[in-house]
Amino acid sequence: MTEARTLVAGEARGPALILVEPLSFWGGVDPATGDIVDVHHPQRDANVAGRVLVMPSGRGSSSSSSVLAECIRAGTAPAAIVLGEADPILALGAIVARELYGRTIPVVVAPAPAAVRTGDPLNVRASPDAVRID
Amino acid sequence: MPSVDLSEGDRAALDGGNGEAAAIAMRIVVEMAGVIEADRLIDVTAAHVDSCLYHGIAGLEFAERLLMAGARVRVPTTLNVGYLDLLHPERYRGEKPTASNARRQMDAYVEMGCRPTWTCAPYQLAERPGFGEHVAWAESNAIVFCNSVLGARTARYGDFIDIAAAITGRVPFAGLHRDEDRLAKLVFRLEDVPERLLASDALFPVLGNLIGREAGAGVPAIVGLPPDTSEDRLKALCAAAASSGSVAMFHAVGVTPEAPTLEAATGGAAVPEIVVTVARLRSARDELETAPAGDRLGAVSVGTPHASLSELERLVELLGGEEPSVVLWVNTGRDILAQAERRGVSAALEDAGVRIVTDTCTYLSPLLGAVKGPVMTNSGKWAWYAPANIGVKVVFGSLEECVRSALAGRVVRDERLWSDD
């Protein structure tokens, strides 16, 4: 069982987008729209903007930090990211967005919330010491 | 959150003792240490920075914020590809404001004291990290090569943390910097793979694609690769494994320096094994392709990661003085190009009409223009990312098949390479 942990603190709510496979933001998400553009991803054409993005892990390129920071700047980022395993590259994108723009999104490691489906509303509260998803 | 044990120097930097930029950089390093649960920071001797590649306003504003705050790198730092080919600017077909932003971002990193190497293959530069050296490298293919082939040590650094490490000279002591995290946890055993496939460069990106899919972010060991597998071939494996998965290190038993034996690679632990057959390799190859092989080609692109001098020489040899009937692009680093110029290799390529790209890559920068038909490549990484990045369909083949296909203008491939017997 994954132990819940805050990578980047914050609070957010939004409809869940449950990804069945890991997604690389670089080459996988268009920061102008938030659309998933990775042709290899089974959920291509879904949109991450404002969603609570739940995925098993990050993947691939080390440029994903830049793309996530750009999504946060442009308002096309997910509301929050819930990962099955820690991904420092995504956390870094959120940390730098906060450094530059004073706003960020929570990034947490947590078991995928049971019985939640894509579209269900989710609330993520991540403090340095605790993660709550309901 | 566990706290990070900081040295006096780290604390001084955090408090602004080394200037504002060093304080920003140290904040990022320390926060990352928390994310990856490191208990302290260590020194690095060099860095390879990928943050110079333009992805949008945020990356540019980050670079200029650091520069305005007085950023200077503390360790020798090389730069990854940028968005622009600065040596061949006339080929750029994108929008001007994007080019101007991308140029500003590239310039900012040079002003911070980074070397304008503009290559995704820093391991092909004259100076590269030695065995056991701790460095901070970004660029996914370079990270895998650094750990696996050089035996130097880098975690999987991404944009922002790379330059933060270069400015502070410090990184969290975690992940692949530590002995125990470098041991293989999974074995890929090549079984009954025919000699002709083992002898072909086409095997390596395909095997990398398969390994990335199966290993995720783990450290795998590969059993069954020829002991004399070249760096060019290992490079292709690295790039593919870091595209389909998040592999940051692998061991090739009898090939890479930390794996003289399988026991050395695993630390003697029993680990699960995946058998790699020709059938699995065939489906891993098919997965790289988004176009049927029968189509007339639009272009051919090789050199991802950046071609080495020996790959450029091989290209000349394979062309045999003939001119391709579709555009053949090759990406390489400007240092390699300088060597190729001295040996007459680049002149031979240009005479054949080959378009040499430096400083960037054909799947990153708008260079190809409108291509009528799929693009053939020998790169697993290019095959993986080009469809989304530049909207082309992809066919895969070995370097030789790519050249023969470029000459013919249609896909020429030896399908027997992938047969069972």
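Look up a bit, the structure's there.
The following refers to the structure shown. Here the structure is a predicted model, which is why all the values come from computation and not from measurement.

For the rest of this paragraph, the subject is the overall build of chain A. Regarding its fold elements, chain A presents two helices and seven strands. Secondary structure elements of chain A occur, N-terminal to C-terminal, as β-β-β-α-β-α-β-β-β. Over its C-alpha trace chain A gives a radius of gyration of 13 Å, about what one expects of a compact globule, namely 14 Å for 134 residues. By principal-axis analysis of the C-alpha atoms, chain A measures approximately 35 × 30 × 25 Å. Out of the 134 residues belonging to chain A, those deemed buried represent 54%. Expressed as a percentage of contacts within chain A between residues at least 6 apart in sequence, the contacts between residues at least 24 apart total 75%.

A few words now on the interface of chain B and chain A. Listed by partner, the interface residues are 39 residues for chain B and 33 residues for chain A. Among the elements of the structure, α2 (20-35), α3 (57-68), α5 (140-150), α9 (231-244) and α15 (380-390) of chain B are those that each provide at least two residues to the side of chain B that touches chain A. Of the residues forming the side of chain B that touches chain A, the biggest block, six residues, is contributed by α3(B). Its residues assigned to classes, the side of chain B that touches chain A shows 21 nonpolar, 11 polar and seven charged.

Looking now at unusual backbone geometry. Cis geometry is adopted by the peptide bond preceding Pro305(B), which originates at Thr304(B) and carries an omega value of -5°. Tracing the chain through its elements places Pro305(B) in strand β10 (residues 299-307). Phi at Ala115(A) is positive, roughly 65°, even though this residue is not glycine. Summarising the element assignment, Ala115(A) is placed in the loop between β5 (107-109) and β6 (121-126). With phi around 70°, Asp359(B) is a residue other than glycine that occupies positive phi space. Its place among the elements puts Asp359(B) in the loop between β12 (355-358) and β13 (375-377).

Here the focus is α5(B). All names here are of chain B. Where burial is concerned, most of α5 is hidden: 11 out of the 11 residues are buried. Those residues of α5 not exposed but buried are Ser 140, Asn 141, Ala 142, Ile 143, Val 144, Phe 145, Cys 146, Asn 147, Ser 148, Val 149 and Leu 150. Looking at the buried side of α5, the elements it contacts are β2 (47-49), β4 (136-137), α9, β8 (251-252), β10 and α15. Immediately beyond the C-terminal end of α5, within one or two residues, lies Gly 151, with a positive phi of roughly 70°.

If you trace the four strands from one edge of the open sheet to the other, you get β8-β7-β6-β9 (chain B), paired in parallel fashion. Since the sheet does not close on itself, it has two edges, and those belong to β8 and β9 (273-276) of chain B, each with one partner.

Right, let's talk about the environment of Thr33(A) for a bit. Residues and elements named next belong to chain A. Locating Thr 33 in the fold gives a position in the loop between β2 (10-18) and β3 (52-55). On the neighbour-count criterion, Thr 33 (14 C-beta atoms within 10 Å) is partly exposed. As a C-alpha pair, Thr 33 and Val 108 span 75 residues in sequence and 23 Å in three-dimensional space.

What follows deals with the packing of helix α1 (residues 64-74) of chain A against helix α2 (residues 88-101) of chain A. Residue and element names in this part refer to chain A. Two elements in contact, α1 and α2, have axes whose closest approach is 7 Å; the angle formed by their N-to-C orientations is 45°. Looking at the two axes, α1 sits oblique to α2. Judged by the sense of rotation from one axis to the other, the crossing of α1 with α2 is right-handed. Contact residues: Ser 64, Ser 65, Ser 66, Leu 68, Ala 69, Ile 72 and Arg 73 in α1; Ile 89, Leu 90, Leu 92, Gly 93, Ala 94, Val 96, Ala 97 and Tyr 101 in α2. Of the residues that constitute the contact of α1 with α2, the class distribution is 10 nonpolar, four polar and one charged.

What follows covers the packing of α2(A) against α3(B). In a packed pair of helices, the relevant descriptors are the angle between the two axes and the axis-to-axis distance. Between α2(A) and α3(B), the least distance of the axes is 11 Å, while the angle of their chain directions is 65°. The hand of the α2(A)/α3(B) crossing is left-handed. Residues Val96(A), Ala97(A) and Leu100(A) of α2(A) pack against Ala58(B), Glu61(B), Phe62(B) and Arg65(B) of α3(B). For the contact of α2(A) with α3(B), a count of residues per class yields five nonpolar, no polar and two charged.

Moving on, we come to the sheet that holds β5(A). All names here are of chain A. Reading across the sheet, the seven strands line up as β1-β5-β4-β3-β2-β6-β7 and stay open at both edges, with mixed pairing between neighbours. Strands at the two margins of the open sheet, each flanked by one partner only, are β1 (5-8) and β7 (131-133). Sheet twist, expressed as the average angle between the axes of neighbouring strands with direction ignored, equals 30°. Looking at chain direction, β2 and β3 are connected through three bridges and run parallel. Bridge pairing links Ala 16 to Val 52 in β3. Contacts from α2 reach β1, β4 (80-83) and β5, with the element oriented near 55° to β1.

Among the nonpolar cores identified, the biggest contains 193 residues, and Val52(A), Val29(B), Val300(B) and Val330(B) are the most heavily contacted of them. It is α2(B) that provides the largest number of residues to this core, a total of 11 residues. Dropping the residues within four chain positions of it, Val52(A) is found in contact with Ala12(A), Gly14(A), Ala16(A), Leu17(A), Pro78(A), Ala79(A), Ala80(A), Val82(A), Leu122(A) and Val124(A).

Once that is clear, we can look at α15(B). Residues and elements named next belong to chain B. Of all 11 residues in α15, nine are buried; the element is thus mostly enclosed. For α15, the set of buried residues is Gly 380, Lys 381, Trp 382, Ala 383, Trp 384, Tyr 385, Ala 386, Pro 387 and Ala 388. The first or second residue beyond α15 is Gly 391, which carries a positive phi of 65°.

Cut-offs and rules
Residues numbered from 1 in each chain as written. Chains lettered and ligands numbered in written order. Predicted model: local features only at pLDDT ≥ 70, side-chain atom pairs only at ≥ 80, totals over all residues. Helix = DSSP H or I, 4+ residues; strand = E, 2+ residues; numbered from the N terminus. Rg over C-alpha atoms; globule rule 2.2 N^0.38 Å. Buried ≥ 20, exposed ≤ 12 C-beta atoms within 10 Å, placed from the backbone. Contact = placed C-beta atoms within 7 Å. Nonpolar A, V, L, I, M, F, W, Y, C, P; charged D, E, K, R; others polar. Pairing = 2+ DSSP bridges. Axes fitted to C-alpha atoms, helices over the stretch in contact; angles between N-to-C directions. Parallel < 35°, antiparallel > 145°, perpendicular 65-115°, else oblique. Left-handed = near helix turned anticlockwise from the far one by under 90°. Core = buried A, V, L, I, M, F, W, Y, C linked by C-beta atoms within 7 Å.

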